[in-house]
Number of protein chains: 2
Amino acid sequence: MGKFSEYGKRITESKLTFFLNIISKKENVISFANGLPDPSTFPHKEINEIISEILTKNPNLALQYTVTCGPNYVKDAIIKLVKERGLDNITEENICITSGSQEALFVLFHLFLNPNDTIIVEKPTYIAALETLNPIGVKYLGLDIKNNEYEIDKLEEELRKEKVNNVKLMYLIPSAQNPTGLTMGLNTKKKIIELANEYDIYIIEDDAYGFLSFNDEYNFPLKHYDDTDKVIYVGSFSKILSSGLRVGFVIASEEIIRKVEGLKQNINAHTPTLNQLVAAEAIYRNIIFKNLPKIRQIYKTKRDVMLKAIENNFPENTICSKPTGGMFIFCWLENLVDTGEILMKSLEENVAFMPGKYFYFDESGFNTMRLSYSLPTYEKIFEGIEKLGKILSSLER
Amino acid sequence: MGKFSEYGKRITESKLTFFLNIISKKENVISFANGLPDPSTFPHKEINEIISEILTKNPNLALQYTVTCGPNYVKDAIIKLVKERGLDNITEENICITSGSQEALFVLFHLFLNPNDTIIVEKPTYIAALETLNPIGVKYLGLDIKNNEYEIDKLEEELRKEKVNNVKLMYLIPSAQNPTGLTMGLNTKKKIIELANEYDIYIIEDDAYGFLSFNDEYNFPLKHYDDTDKVIYVGSFSKILSSGLRVGFVIASEEIIRKVEGLKQNINAHTPTLNQLVAAEAIYRNIIFKNLPKIRQIYKTKRDVMLKAIENNFPENTICSKPTGGMFIFCWLENLVDTGEILMKSLEENVAFMPGKYFYFDESGFNTMRLSYSLPTYEKIFEGIEKLGKILSSLER
């Protein structure tokens, strides 16, 4: 194993891959594990029409290399898209198109973080962000989420205590968070911007689920309240158009975008031209905006089915998040059983979920679980939660 | 600028981007600068048919997330493809699909190389490989290409002198090289495999142009002669199907592929599902194999036009490569004029090329130039080379 670099040695199999492999070996598993979109949310007929038209009218553009951060035609569509999230005054120079928002995170983490630099993340946070951060060798400071509340005062205290000159970044998912489904309140958002300015910390705002809010009241992202260009906004088409097309984007200051462009060029030259054009057309032709109420309704109903099933079947002392949007419910089990062990039992009953500890940078949440309600049918959600409830109840002391 | 990581600080604007920007600001430039495929080589009607069929029959697969290294259906197509390059006994576990071969290079370089590790590269070599390697902080050892010959004996000598325990990798483009268009002879190939085994050095073989050989005689890649799994093979669909779709792949031992999978997951989860399926279908439906003779003929004719134009117009003492395939001719000017300065003059005449020094890790080839013949028409090739010849002749002393 001596052949790999120090960085290479720290690259390990993703837990997402690991669990997907276990699950895919079993038949008829009801999976709450991976966050796959409901395919009925993909406007496949419209996408087919768009592609057919592009490849008839403009094949030489669509199948050819393009510029690293994407054509202006696509950037202009993204300006139109994020206006709906309350982001104004965005120019083409502020945008780089990436291969999904995951690539935006990879690029930004590597552009900003040295080994031993500290990054603030939610506790719990998105597992794939942690898996991308760990090989860099960073340190973490947590913004705890407990009892559906963000413990922002505790973070402020720790920042005051901490030697803060190497706290360089925050990575946050303020809207319909993965894995809890929670959205930060306005006061928390304003406090975070305040702290970022006070301690000169950049914020990477992951808004992958921003358009999937179930509340009528509109929740602006952090970037909306950012007057000092401290917030780097990361968006995605995976949950509003198609996950398989792999189109996402970064919005930041010109200086940062130029760096993003340099690294993106080295990684894969550019995001596929055709895929970018499909995303742009889906905005210009109003397909995404027209489709969004339907998508929100699908996930809201599934959330309600799962919450109801949890209420009916899980032990009474279980605390679960009440998602305001997105695809996930996160549960804290009070009897302190390791959910990794529960998963082994539940797989015997053909039910899968993600053990929650992988969403904690210190793997401290061993008694937690993430339940994704996005893919299974209502019936399967109810059936799976019922089975899971029986297992949990049998472990009660 | 203190906010960026040490790695981030070393990320600079790509020279490819820099020159593309200069050129795109001028109208009617005859560009020999960037290596864009001739769009008439893209089978756009067939691609349109494939996509239409996939999105009608199997939209939920094509628009959904897939596994990190790609579905087995796609891997099996690649096994079929590389058999035509003389690669046998490849299994699904030996393959990871990437977003173009550039991404394969990025992943492999970062998995293998620590700062100050030494990598052997051709002199000249692919500019984007150097731009990806430089921020890692590696050292280089050169395999000189002079007078259309590989100076392999000189490399062997240097390896004997060098403290070789930190020479970890070779990065080579043995077939229809970028930027010279040359292909290594069998003896050179065998010598390289021998050296790799003797000094325990892994070889990354970039075979992006492997299918674009103009010779009837079949030239196998290094990987064909590799009995000890020292060669990591990198392939691409950019020159045989479509550059804009961004599909490439790595073939290596299972151990290495598992590492590639781990890093690829962090970078962007997977290459777009639809794009992978298009590449696979283009193999299964025989579109690529049927199209290849036509592609080779287009580039062979353009090469011949450019070589003839060079012969007629460039100063007599100019040495240019005689490409055996691919898209590029590389020239060494004997009067030692800086080709960067010549570019400024030629842009005034609306002709562009790439100064050759960026293809040398030490930027030593200041009197060299890369001329791409892939995109311009025959007429434009002749017109551009004529203009360039006049500039070069005017500089003769």
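What counts, and where the lines are drawn
- Residues numbered from 1 in each chain as written.
- Chains lettered and ligands numbered in written order.
- Predicted model: local features only at pLDDT ≥ 70, side-chain atom pairs only at ≥ 80, totals over all residues.
- Heavy atoms only, no water.
- Axes fitted to C-alpha atoms, helices over the stretch in contact; angles between N-to-C directions.
- Helix = DSSP H or I, 4+ residues; strand = E, 2+ residues; numbered from the N terminus.
- Parallel < 35°, antiparallel > 145°, perpendicular 65-115°, else oblique.
- Left-handed = near helix turned anticlockwise from the far one by under 90°.
- Contact = heavy atoms within 4.5 Å.
- Domains from an automatic or database assignment.
- Buried area = accessible area lost by both parts, 1.4 Å probe.
- Salt bridge = Lys/Arg side-chain N within 4 Å of Asp/Glu carboxyl O.
- Pairing = 2+ DSSP bridges.
- Buried < 20%, exposed > 50% of the residue type's maximum accessible area, 1.4 Å probe, protein only.
- Least-squares fit on C-alpha atoms with pLDDT ≥ 70 in both.
- Disulfide = S-S within 2.5 Å.
- Core = buried A, V, L, I, M, F, W, Y, C linked by side-chain atoms within 4.5 Å.
- Phe/Tyr/Trp six-rings, centres within 6.5 Å; stacked < 30°, edge-to-face > 60°.
- Lys NZ or Arg CZ within 6 Å of the ring centre and 35° of its normal.
- Expected span 1.5 Å × (residues − 1).
- Arc of directions from axis to C-beta.

K.L.:
Please clarify how the packing of helix α6 (residues 100-112) of chain A against helix α10 (residues 254-268) of chain A should be interpreted in this entry.
P.N.:
Packed helices, taken two at a time, are described by the angle their axes make and the gap between the axes. All names here are of chain A. Between α6 and α10, the shortest axis-to-axis distance is 10 Å and the interhelical angle comes to 115°. Relative to α10, α6 is oriented roughly perpendicular. Judged by the sense of rotation from one axis to the other, the crossing of α6 with α10 is right-handed. Here Glu103, Phe106, Val107, Leu108, His110, Leu111 and Phe112 of α6 lie close against α10, whose contacting residues are Ile256, Lys259, Val260, Leu263, Lys264, Ile267 and Asn268.

K.L.:
Looking at this model, I keep getting lost on the domain arrangement of chain A. Mind explaining?
P.N.:
A common way to report how large an interface is uses the accessible area buried once the components associate. All names here are of chain A. If you check the domain split of chain A, you get domain 1 (6-42 + 292-395) and domain 2 (44-288). The straight-line distance from the C-alpha centre of domain 1 to that of domain 2 is 24 Å. Opposite the 37 residues of domain 1 that make contact, domain 2 presents 43 residues. Buried area between domain 1 and domain 2, summed over both chains or domains, comes out near 3400 Å², and the portion from carbon and sulfur atoms is 63%. It is Phe42, Thr324 and Phe361 in domain 1 that bury the most area against domain 2; as a group they hold 23% of the surface buried on that side. Linking domain 1 with domain 2 are 1 salt bridge.

K.L.:
Help me out: how do you make sense of the sheet that holds strand β14 (residues 368-372) of chain A in this one?
P.N.:
Within a beta sheet, neighbouring strands are joined by backbone hydrogen bonds and run either parallel or antiparallel to one another. All names here are of chain A. Strand order in the open sheet formed by 4 strands is β10-β11-β14-β13, with antiparallel pairing between adjacent strands. Of all strands in the sheet, those bounded by a partner on one side alone are β10 (319-320) and β13 (354-355). Relative to β14, β13 is paired through 2 bridges, and the arrangement is antiparallel. Following the sheet pairing, proline 355 is matched in β14 by methionine 369. Sheet strands in contact with helix α12 (residues 287-313) are β10, β11 (328-332) and β14, and its direction is about 20° off that of β11.

K.L.:
Is there a simple way to think about the pairing of strand β8 (residues 231-236) of chain B in this case?
P.N.:
A regular strand places its side chains on the two faces of the sheet in alternate fashion. Residue and element names in this part refer to chain B. Burial analysis of β8 places 6 of its 6 residues in the buried class, the great majority of the element. Across the two faces of β8 the burial is the same, with Val231, Tyr233 and Gly235 and Ile232, Val234 and Ser236 all buried. Both strand β7 (residues 202-206) and β8 contribute to a ladder of 4 bridges, which runs parallel. Note on β8: the bridge partner recorded for aspartate 206 is valine 234.

K.L.:
I'm lost on the relation of the copies chain B and chain A in this one. Help?
P.N.:
Each copy of the chain is related to the other by a rotation around an axis and a translation along that axis. At an RMSD of 0.0 Å, chain B and chain A line up after a rotation of 180° and a shift of 0.0 Å along the axis. Both copies are brought into coincidence by an operation consistent with a two-fold rotation axis. If distances are taken from each C-alpha of chain B to the rotation axis, the shortest is found for serine 52 of chain B, at 3.5 Å. Of all interface residues in chain B, 100% are interface residues in chain A too; the two copies therefore contact each other through one and the same surface.

K.L.:
What should I look at first to understand the state of the cysteines in this one?
P.N.:
In protein chemistry, a disulfide is the covalent bond that joins the sulfur atoms of two cysteines. All names here are of chain B. Summed over all chains, the structure comprises 4 disulfides over all chains. Note that cysteine 69 is cross-linked by a disulfide to cysteine 96, the S-S spacing being 2.0 Å. Disulfide cysteine 69 to cysteine 96: torsion about the S-S bond roughly -90°, handedness left-handed. Separated by 27 residues along the polypeptide, cysteine 69 in the loop between α4 (59-62) and α5 (72-83) and cysteine 96 in strand β2 (residues 95-98) bring together distant segments of the chain. When sorted by exposure, cysteine 69 lands in the same class as cysteine 96, which is buried. In this model cysteine 320 forms its disulfide with cysteine 331; the gap between the sulfur atoms is 2.0 Å. Judged by the torsion about the S-S bond (105°), the cysteine 320/cysteine 331 disulfide is right-handed.

K.L.:
Looking at this structure, I do not really get the nonpolar core. What am I missing?
P.N.:
A general trend in soluble globular proteins is that nonpolar side chains are found buried together. Counting 248 residues, the largest nonpolar core has Phe109, Phe237 and Leu371 of chain A together with Phe109, Phe237 and Leu371 of chain B as its most contacted members. Ranked by the residues each element gives to this core, the list is headed by α12 of chain A, at 12 residues. The residues touching phenylalanine 237 of chain A, leaving out its near neighbours within four places in the chain, are Ile78, Leu81, Ser242, Val247, Phe249, Ala279, Ile283 and Ile288 of chain A.

K.L.:
Help me understand the environment of serine 213 of chain A in this model?
P.N.:
Residues and elements named next belong to chain A. With respect to the helices, strands and loops of the structure, serine 213 is situated in the loop between β7 (202-206) and β8 (231-236). Note on serine 213: relative accessible area 16%, which makes it buried. Between the C-alpha atom of serine 213 and that of lysine 300, which follows or precedes it by 87 residues, the distance is 8.8 Å. Once residues lying within four places of it in the same chain are set aside, the contact partners of serine 213 are Asn219, Arg296, Thr324 and Gly325.

K.L.:
So what exactly am I meant to see when it comes to the packing of aromatic side chains here?
P.N.:
The geometry of two aromatic rings is summed up by the distance between their centres and the angle between their planes. One pass over the structure, following the stated rule, counts 29 aromatic pairs over all chains. Note on phenylalanine 330 of chain B and tryptophan 332 of chain B: the rings are 5.1 Å apart at their centroids and 75° apart in plane angle, and the pair reads as edge-to-face. Judged by relative accessible area, tryptophan 332 of chain B falls into the buried class, the value being 10%. One aromatic cluster is present, built from ring pairs that chain together Phe330, Trp332, Phe359 and Tyr360 of chain A. Cation over ring: lysine 259 of chain A sits above phenylalanine 4 of chain B, and NZ or CZ is 5.5 Å from the ring centre.

K.L.:
What am I meant to see in the sheet that holds strand β11 (residues 328-332) of chain B here?
P.N.:
Residues and elements named next belong to chain B. Strand order across the open sheet formed by 4 strands is β10-β11-β14-β13, with antiparallel pairing between neighbours. Edge positions in the open sheet fall to β10 (319-320) and β13 (354-355), since each of these has one partner strand only. In this sheet, strand β14 (residues 368-372) lies alongside β11 in antiparallel orientation, the contact comprising 5 bridges. Bridging from a neighbouring strand, tryptophan 332 pairs with threonine 368 of β14.

K.L.:
What is the right way to look at helix α3 (residues 44-57) of chain A in this model?
P.N.:
Because the α-helix completes a turn every 3.6 residues, residues three or four places apart line up on one side. Taking 1.5 Å per residue, 14 residues should reach 20 Å; α3 of chain A reaches 20 Å between its end C-alpha atoms and fits that length. Turning to α3 of chain A, its buried residues number three or more, namely Ile47, Asn48, Ile50, Ile51, Ile54 and Leu55 of chain A. Projected onto a plane normal to the axis of α3 of chain A, the buried residues spread over an arc of 165° and lie on a single side. Exposed residues lying more than 90 degrees from the buried face of α3 of chain A are Lys45, Glu49, Thr56 and Lys57 of chain A. If you follow the buried residues of α3 of chain A, they end up packed against α4 (59-62), α11 (273-284) and α12 of chain A together with α3 (44-57) and α11 (273-284) of chain B.

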